[in-house]
Amino acid sequence: MKAFEAVQLYFHRAADILEMPPEIRKLLLQPKREVTVEVPVEMDDGRLETLVGFRVQHNNARGPMKGGLRYHWEVDLDEVRALASLMSWKTAVVNIPYGGAKGGICVDPSQLSKKEKERVSRKFIDQIHEIIGPDKDIPAPDMGTDSETMAWMRNQWEKYNGFNPACITGKPVEDYGAKGREEATGRGVGILAFKMLRRLGRRPQDISVAIQGFGNVGSHAAKYMYESEFKIVAVSDITGGYYNEDGLDIPAVLHHVIENRTLEGCKGATQISNEELLGLPVDMLIPSALGGVITKDNVDRIKASYIVEGANAPIHPYADEILFDRGVCVMPDVLANAGGVTVSYFEWVQNRQYYSWDLNRVRQQLDSVLSLAFEEVWAAANEHGVSLRTAAFVIAVERVRRATELSGV
Ligand code: NAD
């Protein structure tokens, strides 16, 4: 099953509960615009490389479209389309005034020098500058891009349109970025994991956790959860997994990554594979790297009772059903990793007001937006007797449908 098909399946489950007619389903599923562009770049050795970039704008019924830009060698139109539609449902679940979009370039960012990456990023904006902007579609970082990439892109966009830092979020703090944006997705994962456990009558001290991926999402989730007294027994990155059943010293692991850039050589842990990490005898699993890592082939090896989807679409729909039948509580991506887009929204608000919030205010507002969304999703799951994922989609799809109706389609 391809990525966009999987999102459609979740959509239809919610649309069935909402008894939505086929013509409205078609309207809400169809992306508004899909753009594929050529990104020609001169490499450091003088060679000309022609890359392919995408921007899919899925829906703007609830506000300007919003979504990250990913640099990865597996980026293709189907994946971007799936992620764009997920963004429409995600912004609706947490009830921020945005639609959904996503973009990316099919490239391995680790093979680009800093100067090459800057040229790629500026050239990409040259190709899409007309369709993005603070009231149209606001990009942000995703895998392979970061705050520096956003600074180059903002600067390039402003060459065409003039000063307007709200055109892009996830910028460096000293360059109109929001305090707390960098940590927001991982922190949100931790906040929601905590809320879910409290609802289930469990304490973080009694919960062992394995986190796959130690980039922006995984490392900040680990930090927040360690500080909240969860026992983090395993972490991983592209170099492999690192496991200690007595619990990892997360501040030391974070320090190791700052010094070495990867987890490789991390002390106080046994090295395991990423696949082994997924099957560890832990209470909670937090996939925070790639999509599609829990499939029908490995779902039987999953022992965790709780899964919090830090990454987008880490669970294949077939595996999702099996996990639900087995009583595994899955916090879905559209809620679990919505902390990032929520603080991106705060950044956009601050940029538009030329005013900067302090970190405490950002954290408090993030907690309050995620808490409300969590309570709504939890209540809808109980009301309809469905998974948290289906409940989140029911809320989101209904909000987008209502906004579409009110806009007079
Ligand atoms: P990142 O590039 O900062 O980190 C990715 C991590 O995954 C790194 O530790 C990398 O080594 C690891 N990784 C890469 N390939 C791997 C593999 N094959 N096996 C195991 N680990 C591997 O990315 P990120 O921003 O942390 O994003 C991770 C996921 O979270 C993505 O699915 C992204 O779409 C999603 N997400 C990110 C944000 C955000 O604000 N950054 C928001 C919402 C969702």
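### Structural notes on the sheet that holds strand 7 (residues 231-237)
- With mixed pairing, the seven strands of this open sheet are ordered in space as 9-8-7-6-10-11-12. This sheet does not close on itself; its edge strands, each paired only once, are strand 9 (270-272) and strand 12 (329-331). Each strand axis lies, on average, 20° off the axis of its neighbour in the sheet, ignoring direction.
- Where strand 6 (residues 208-212) meets strand 10 (residues 284-287), four bridges bridge the pair, whose relative direction is parallel. Bridged to Gln 212 within strand 10 is Pro 287.

### Examining the pattern of salt bridges
- Tallied over the entire structure, the rule returns 31 salt bridges.
- Asp 142 is the salt-bridge partner of Arg 70, the closest N and O atoms lying 2.5 Å from each other. Of this pair, Arg 70 sits in strand 3 (residues 65-72) while Asp 142 sits in the loop between strand 5 (137-141) and helix 5 (147-161), and the two are 72 residues apart along the sequence. The same class applies to Arg 70 and to Asp 142, which are both buried.
- Between Asp 175 and Arg 154 there is a salt bridge whose closest N-O contact spans 2.8 Å. Within this pair, whereas Asp 175 is found in the loop between helix 5 and helix 6 (181-199), its partner Arg 154 is found in helix 5, the two being separated by 21 residues in sequence.
- Assessed through its relative accessible area of 6%, Arg 154 is described here as buried.
- Salt bridges linked by common partners bring Arg 70, Glu 79, Lys 102 and Asp 142 together as one network.

### With respect to the site of the ligand
- Surrounding the ligand, one finds 21 residues, the nearest of these being Arg 70, Thr 185, Phe 214, Asn 216 and Val 217.
- In this structure, Phe 214 approaches the ligand through a main-chain N or O atom, which is 3.0 Å from an oxygen atom.
- Val 217 is positioned such that a nitrogen or oxygen atom in its backbone is 2.9 Å from an oxygen atom of the ligand.
- Taking 830 Å² as the accessible area of the ligand by itself, protein coverage stands at 81%.
- Put simply, the parts of the chain that give the shell around the ligand at least two residues each are helix 6 and helix 7 (216-227).
- Counting contributing residues per domain, the shell around the ligand is built from domain 1 (27-166) and domain 2 (183-336), each supplying no fewer than three.

### Concerning the side chain of Asn 351
- Along the polypeptide, Asn 351 turns up in helix 12 (residues 339-353).
- Among the residues examined, Asn 351 registers a relative accessible area of 5% and is labelled buried.
- Engagement of the side chain of Asn 351 in a polar contact is seen with the side chain of Lys 171, the distance being 2.8 Å.
- When sequence neighbours within four positions are dropped, the list of residues in contact with Asn 351 reads Pro 165, Ala 166, Ile 168, Lys 171 and Tyr 176.

What counts and what doesn't
Residues numbered from 1 in each chain as written. Predicted model: local features only at pLDDT ≥ 70, side-chain atom pairs only at ≥ 80, totals over all residues. Heavy atoms only, no water. Pairing = 2+ DSSP bridges. Helix = DSSP H or I, 4+ residues; strand = E, 2+ residues; numbered from the N terminus. Axes fitted to C-alpha atoms, helices over the stretch in contact; angles between N-to-C directions. Salt bridge = Lys/Arg side-chain N within 4 Å of Asp/Glu carboxyl O. Buried < 20%, exposed > 50% of the residue type's maximum accessible area, 1.4 Å probe, protein only. Near = heavy atom within 4 Å. Polar contact = N/O pair within 3.5 Å; in protein donor to acceptor, adjacent residues only side chain to side chain. Areas by Shrake-Rupley, 256 points an atom, 1.4 Å probe, with all protein chains shown as cover. Domains from an automatic or database assignment. Contact = heavy atoms within 4.5 Å.

So yeah, pure geometry; function would need other evidence.
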